[in-house]
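# Commentary on secondary and tertiary structure
One-letter residues, chain by chain:
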Amino acid sequence: MIDIGANLTAKAFAHDLPAVIERAAAAGVQAMVITGTSLAGSRAAADLAAQGGPAALYATAGVHPHHAVEAAGDWLAALRASAARPRVVALGECGLDFNRDYSPRVDQVRCFRAQLELAAELRLPVFLHERDAHDTFTGILREHRASLVGAVIHCFTGPRAQLEAYLALDLHVGITGWICDERRGRDLVACVPAIPSGRLMIETDAPYLLPRNMPQPPRDRRNEPAFLGHVLNALAAARNEAPAATAAATSATARAFFQLAS
């Protein structure tokens, strides 16, 4: 399995990160892509990826819409420097989040457009975030899509109409533990069979989105990459596939999308 989105630089992992990576490898996670969500976080993600470990580590470099207000001065030059690091395989996490509006929407749009342009310049795929901003998000992405080498909508949760819009833009789709949630995940379970195999990938978004189908969840409710198999099993069941087949297909897709070493 390959976890295409894990926030391993989060404070929740500060006290036991080596053990977290070891547990992931023992659970069959062959590679992890560490998400960069700010300028400092992207540098930290690239530093961590460079260290290696029992599972292959890669990183993204980006400014999450929550941090868009911080994108000032020479921020784009700093992001370009992180994106040029050897094991950085995508630009992002970038996009729009109109649910919480931690950054003004004008800053979110400005930052999103700039990162799409940088991704096109650097020939890197983009790792995308969208929440309650679908129409504006797809409108901006549609303007830039032809210049991008690839794009994945991270943590897709449904509904079907949005999936169809993303597939029409030739996006890949990342599925998290949301699919394990019998309360909130019904729309997602219903529409994942429509995702073409070559566009589908899996992720934990650790330390967030702990899978609800775990028989013995950790007391601290922290998610980690070792739990990726629970996402895989729920996804395979929803698609009426053998888990081994889903694992092989999503891993092959991730390797091709991010151009990971075999």
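Note: the structure precedes this text.
Scope of this entry: the structure provided in the associated data block. (Residues numbered from 1 in each chain as written. Predicted model: local features only at pLDDT ≥ 70, side-chain atom pairs only at ≥ 80, totals over all residues. Heavy atoms only, no water.)

## Quick look at the nonpolar core
By size, the foremost hydrophobic cluster in this structure holds 73 residues, and its most contacted members are Leu8, Leu128, Phe156, Ile175 and Ile179. With seven residues, the single largest contributor to this core is helix H4 (residues 105–122). In this structure, Ile2, Phe127, Met201 and Ala254 belong to the second largest nonpolar core, which totals 14 residues. (Core = buried A, V, L, I, M, F, W, Y, C linked by side-chain atoms within 4.5 Å. Buried < 20%, exposed > 50% of the residue type's maximum accessible area, 1.4 Å probe, protein only. Helix = DSSP H or I, 4+ residues; strand = E, 2+ residues; numbered from the N terminus.)

## Regarding helix H8 (residues 228–239)
Residues three or four positions apart in an α-helix share a direction because the helix packs 3.6 residues into each turn. Spanning twelve residues, H8 covers 17 Å between terminal C-alpha atoms, matching the ideal 16 Å at 1.5 Å per step. For H8, the tally of buried residues reaches nine of twelve residues, placing the bulk of the element in the interior. Looking only at H8, the buried set comprises Leu228, Gly229, Val231, Leu232, Ala234, Leu235, Ala236, Ala238 and Arg239. Against strand E1 (2–6), strand E7 (172–175), helix H7 (186–191), strand E8 (200–202) and helix H9 (243–258) lie the buried residues of H8. (Expected span 1.5 Å × (residues − 1). Contact = heavy atoms within 4.5 Å.)

## A word on the packing of helix H3 (residues 75–83) against H4
Here H3 crosses H4 at 40 degrees, and the two axes come no closer than 11 Å. Looking at the two axes, H3 sits oblique to H4. Once H3 is placed against H4, the crossing between them reads as right-handed. Here H3 contributes Trp75, Leu76, Leu79, Arg80 and Ala83 to the contact with H4, which in turn contributes Arg110, Cys111, Ala114, Gln115, Leu118, Glu121 and Leu122. A class-by-class count of the residues in the contact of H3 with H4 yields eight nonpolar, one polar and three charged. (Axes fitted to C-alpha atoms, helices over the stretch in contact; angles between N-to-C directions. Parallel < 35°, antiparallel > 145°, perpendicular 65-115°, else oblique. Left-handed = near helix turned anticlockwise from the far one by under 90°. Nonpolar A, V, L, I, M, F, W, Y, C, P; charged D, E, K, R; others polar.)

Interpretation note: all reported values are geometric properties and have no functional meaning in isolation.
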